[in-house]
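# Working through the structure, step by step
Read off the chains here:
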Amino acid sequence: ERKCPLVEHNNNVISHQSNKLPRLRDSNSIFIGNMEPYTSELDLTNHFSCVGKIQRVTILKDMFTGQQMPAAYIQFKHPQSVIAALKLHGSYLRGNLLVVKRKIKANRRSLPN
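For the structure given in this document, a descriptive report is provided here. What you see is a predicted model; the values in this text were computed from it and never measured. (Residues numbered from 1 in each chain as written. Predicted model: local features only at pLDDT ≥ 70, side-chain atom pairs only at ≥ 80, totals over all residues. Heavy atoms only, no water.)

## Remarks on the overall build of the protein
Looking only at helices and strands, the protein features 2 helices and 6 strands. Helices and strands in the protein line up, N terminus first, as β-α-β-β-α-β-β-β. Looking at the protein residue by residue over its 113 residues, the buried ones come to 32%. Split by element, the accessible area of the protein, about 8,200 Å² in all, is 51% carbon and sulfur. (Helix = DSSP H or I, 4+ residues; strand = E, 2+ residues; numbered from the N terminus. Buried < 20%, exposed > 50% of the residue type's maximum accessible area, 1.4 Å probe, protein only. Areas by Shrake-Rupley, 256 points an atom, 1.4 Å probe, with all protein chains shown as cover.)

Below is the structure:
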């Protein structure tokens, strides 16, 4: 069993876990922000696999340039893994302090022609 990285909390980090409004959430997925530009799927898998079985890692890319953005989504096999993964908010990966929060389902609207 692999241990999770130690979470060194920075007192200046603001928690992004808000319960003010009910939101539709993907119960098995998290959003990761503030990633170092060259973070790979393997880096993310190694960092988050300690909290549960990972189904999919999606690193976001700019739709115009194709360049990697500093954000990703991870889908776990079980929703309980999300609760454990949220504890990695404020952990460091490749020198950057990660933002980890629940994935919120986007409202899919059709675009005008």
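On we go.
## A few points about the pairing of strand 3 (residues 68-76)
Relative to strand 3, strand 2 (residues 54-61) runs antiparallel, the two being bridged by 6 bridges. Note that in strand 3 the partner of isoleucine 59 across the bridge is alanine 72. Where strand 2 hands over to strand 3, the hairpin turn is made up of 6 residues, of which glycine 66 adopts a positive phi near 80 degrees. (Pairing = 2+ DSSP bridges.)

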